[in-house]
Amino acid sequence: MRTRFVMIVAVIILGHLWIPASSQAAEIAGVWESDWGMVTLVTGPAPDKRTLTVAGYYFRAKNQTGIIREGTFDPATGVLEFKLDEPWWSNETKGTAKLTLGADGKQLKGPYGKVNKDNVTDDGEVTFTRIRNGEWRADDISDLWDTPWGYMTLKTAPGPNRDFIRVSGTYVSNTGPNRRGLITGLGNVKTGIYSLVLAEPWWENDTKGPTTWTLSADGNRLQGPYLKLNKDNERDEGIVTLVRLRGPGFETRLASIIAEAGIRVDTPGAAVVIFEHGRVLFQKTYGLANVEAKTPITPKTTFELASCSKHITGAAILRLAEQGKLKLDDDIRTYLPEMPVYDEKNPIRIEHLARHTSGLPDFNSFPEFTGKDPAFFTNEDVLGQYAKNQKEFPLLAETGKEWRYSNSGFVMLALIVERASKKSYADFLKSEFFEPLGMKTATVNNRPDSRPSEPALGYSREKDKYNAVWGPAAITHQRDLTAGDGSVWASLEDLARWNEGWRQGKIIGPDMMKQAFVSATYGDNVTNNYCYGWGCDFDNAKLTRMQHNGSYGGFMSIVDRDLVTDRTLVILTNMATLDMDVIVRLCREHPLGSR
């Protein structure tokens, strides 16, 4: 998602952070802890020369960065007022806040109000607590850093005074060979905020732009907004995160990523395996499956795959197509006659569900509802909501015209699997895939008595406390027992056999692979490379990569298959702070054979 940072960029261009000299307490530029996550505030002079303009952002979780905009701070009264956006929500949450700085300058506290397009409100009080300057390591960023743009090397030198250091660096762009980006600017040692300029000289239209980064308290992460502009006034803007890579080899760098996520021997953890040509090239587990029981994670520990289950649902649909029990262009009402007729001339087809172009609203956005059993709800209950409420839940877009990621689509696919096969979704996966491939502990968590083998629990973190928020239904008694969009549980050992099944053509035959795993289009000829639960890359129409990730209830997972190098990476974690994308890039770029 790209977001505008007009005020932030204006402050960056000043080349420094303007702070009033009248009062130490009035210096609000810097980094604060809050219930919303780590907050970064930057300030600049206002036209009235009495107040300050304020902008910033707060990092709540991966891909969840809130925007603070149009803020004003009055040093005389200590009152900070601002507007906020939380753009990760599909219903565009916005709000306002009015905070007052305490006399000691250590806290900003006050009321806030948020509202979304559906007029759902969230009101309360929030407290920003200043992170002490002494916790920053702003003069110690000389190192190798991972970024979405490529690996970056930063160096520092003394600045114009004791509060600032000079920063320079380069990054090898992952957009192509012989492309080297440049970084220059200043870092504020007091606040841990870096005001920098980046340049990408390989572009003919001379791309440059400002960026502001904040260093995390442990010195392992830099994050902040950037803006790239070229001579044609084309712009690329957003938030970038840099993660420090410590050590010279793959395993030590992976260990630094694991440590940066807060994973230790006594916390929730992760399991990582890399296969090459069907053999285990690297495998390691970290931390605990169950913090209370102090159960360590092993290759046999099963995890909730969350949305990574979608490619297993997609495989089930393709297997049924191979068996002649359905066609990929079938109207879904052939199997789900309860579904409303949204458009007789343009019905939703199986292919639309499998490529996220159905237009169906996501059931997770529905008002809370109960199933036939008030203790939980299932796929059939979700289907019933669509059947009863076409007017309340119309299509979000004309079928086939827009790409919208939809959990509902894969819940419907799981129901189609059941009705076309005349087996339960769980039994079909077991008989067609899990048992033949030797996936001994893979199962589906969609019954109140579901209890996977050696399960992990998913955790949220509140300071140094870990709270179990998700797990097998028989243990955590959750209400949501839907499946198809998630709810497959599996271990590293299970996914090793699943990967081998793909390699050997035991899951989908070559003819169906050619039919299903192709680039498609939607709308005005927009490319769609999402194929039956996999995000795919193609090179001259040849399939080169298949990947999907998942995240739910403290669990995260990813399966990344590189068909060119025949290398597969699997990450399973019950600690949602782990940045899996950094590990994916490390696996792709590092020569593991010499680790």
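The structure contained in this document is the topic of the report that follows. Here the structure is a predicted model, which is why all the values come from computation and not from measurement. (Residues numbered from 1 in each chain as written. Predicted model: local features only at pLDDT ≥ 70, side-chain atom pairs only at ≥ 80, totals over all residues. Heavy atoms only, no water.)

Before going further, it helps to spend a moment on the overall build of the protein. On a plain count of helices and strands, the protein comes out with eleven helices and 32 strands. C-alpha extents for the protein along the principal axes are approximately 75 × 55 × 55 Å. Each of the 595 residues in the protein was classed as buried or not, and the buried ones make up 55%. Counting contacts in the protein only where the partners sit at least 6 residues apart, residues at least 24 apart contribute 56% of the total. For the protein, the accessible surface area stands at approximately 26,500 Å², while carbon and sulfur atoms represent 49% of it. With 71 positive and 74 negative side-chain charges, the protein shows a spacing of 3 Å between the two charge centroids. (Helix = DSSP H or I, 4+ residues; strand = E, 2+ residues; numbered from the N terminus. Buried < 20%, exposed > 50% of the residue type's maximum accessible area, 1.4 Å probe, protein only. Contact = heavy atoms within 4.5 Å. Areas by Shrake-Rupley, 256 points an atom, 1.4 Å probe, with all protein chains shown as cover. Lys, Arg positive; Asp, Glu negative; His and termini not counted. Charge placed at Lys NZ, Arg CZ, Asp CG, Glu CD.)

This part is about the environment of Ser453. Tracing the backbone shows Ser453 in the loop between β22 (443-444) and β23 (458-462). A relative accessible area of 33% means that Ser453 is categorised as partly exposed. Ignoring anything within four residues of it in the chain, the contact list for Ser453 reads Lys300, Thr302 and Thr441.

Moving on: the pattern of salt bridges. In the structure shown here, the tally under the stated rule is 31 salt bridges. Ionic pairing is found between Arg69 and Glu70, a salt bridge with its closest N-O pair at 2.7 Å. Residues joined by salt bridges that share partners form a network here, namely Arg69, Glu70, Lys83, Asp85 and Lys94. (Salt bridge = Lys/Arg side-chain N within 4 Å of Asp/Glu carboxyl O.)

It is worth spelling out the sheet that holds strand β17 (residues 270-276) at this point. Taken in spatial order, the seven strands of this open sheet run β18-β17-β32-β31-β30-β29-β28, and their pairing is antiparallel. Two strands close off the open sheet at either side, each with one partner strand: β18 (279-286) and β28 (530-531). In this structure, β17 lies alongside strand β32 (residues 567-573), joined through seven bridges in antiparallel fashion. Looking at β32, one finds that Ala271 is bridged to Leu572. (Pairing = 2+ DSSP bridges.)

On to the nonpolar core. Grouped together as the largest cluster of nonpolar side chains are 79 residues, with contacts concentrated most on Leu326, Met412, Ile416, Trp498, Trp502 and Phe517. Examining the composition of this core, we find that nine residues originate from one element, helix α6 (residues 407-421), more than from any other. Contacts of Trp502, omitting those with residues within four sequence positions, involve Ala315, Ile507, Ile508, Met513, Phe517, Trp534, Met546 and Arg561. Val243, Ile257, Ala261 and Cys587 belong to the second-largest nonpolar core, a separate cluster that totals 31 residues. (Core = buried A, V, L, I, M, F, W, Y, C linked by side-chain atoms within 4.5 Å.)

This brings us to the pairing of strand β8 (residues 121-130). Sheet analysis places strand β1 (residues 30-33) next to β8, joined by two bridges and oriented antiparallel. When the bridges of β8 are listed, Trp32 appears paired with Arg130. When strand β7 (residues 107-115) meets β8, the two strands line up antiparallel, connected through nine bridges. From the neighbouring strand, Lys109 faces β8, where its bridge partner is Thr127. In sequence, β7 turns back onto β8 through a hairpin of five residues, with Asn119 there showing a positive phi of about 65 degrees.

Quick look at unusual backbone geometry now. Its identity as a non-glycine residue notwithstanding, Lys49 has a phi of 60 degrees, on the positive side. Turning to its location among the elements, Lys49 is positioned in the loop between β2 (38-45) and β3 (52-61). The phi dihedral of Ala541 is positive, around 70 degrees, even though this residue is not glycine. Looking at the secondary structure, you find Ala541 in the loop between β29 (534-539) and β30 (542-552). Residue class for Ala541 comes out exposed when judged on its relative accessible area of 72%.

This part covers the sheet that holds strand β12 (residues 180-188). Sheet strands line up and pair through hydrogen bonds in the backbone, either parallel or antiparallel. Pairing in this closed barrel of eight strands is antiparallel, and the strands run β9-β10-β11-β12-β13-β14-β15-β16 around the ring. Taken pair by pair, the neighbouring strands of this sheet meet at an average axis angle of 30 degrees, ignoring direction. Inspection of the sheet shows strand β14 (residues 207-215) paired to strand β15 (residues 221-229) by four bridges, in the antiparallel sense. From the neighbouring strand, Thr211 faces β15, where its bridge partner is Tyr226. The strands touched by helix α2 (residues 250-260) within the sheet are β9 (143-146), β15 and β16 (235-245), with β16 carrying the most contacts at an inclination of about 110 degrees. (Axes fitted to C-alpha atoms, helices over the stretch in contact; angles between N-to-C directions.)

It is worth spelling out the environment of Pro296 at this point. Examined against the element boundaries, Pro296 turns out to sit in strand β20 (residues 295-296). Along the primary structure Pro296 and Leu318 are separated by 22 residues, whereas in three dimensions their C-alpha atoms are 37 Å apart. What Pro296 contacts, discounting residues up to four positions off in sequence, is Gly287, Leu288, Ala289 and Thr301.

None of the figures reported here should be taken as evidence of function without further support.
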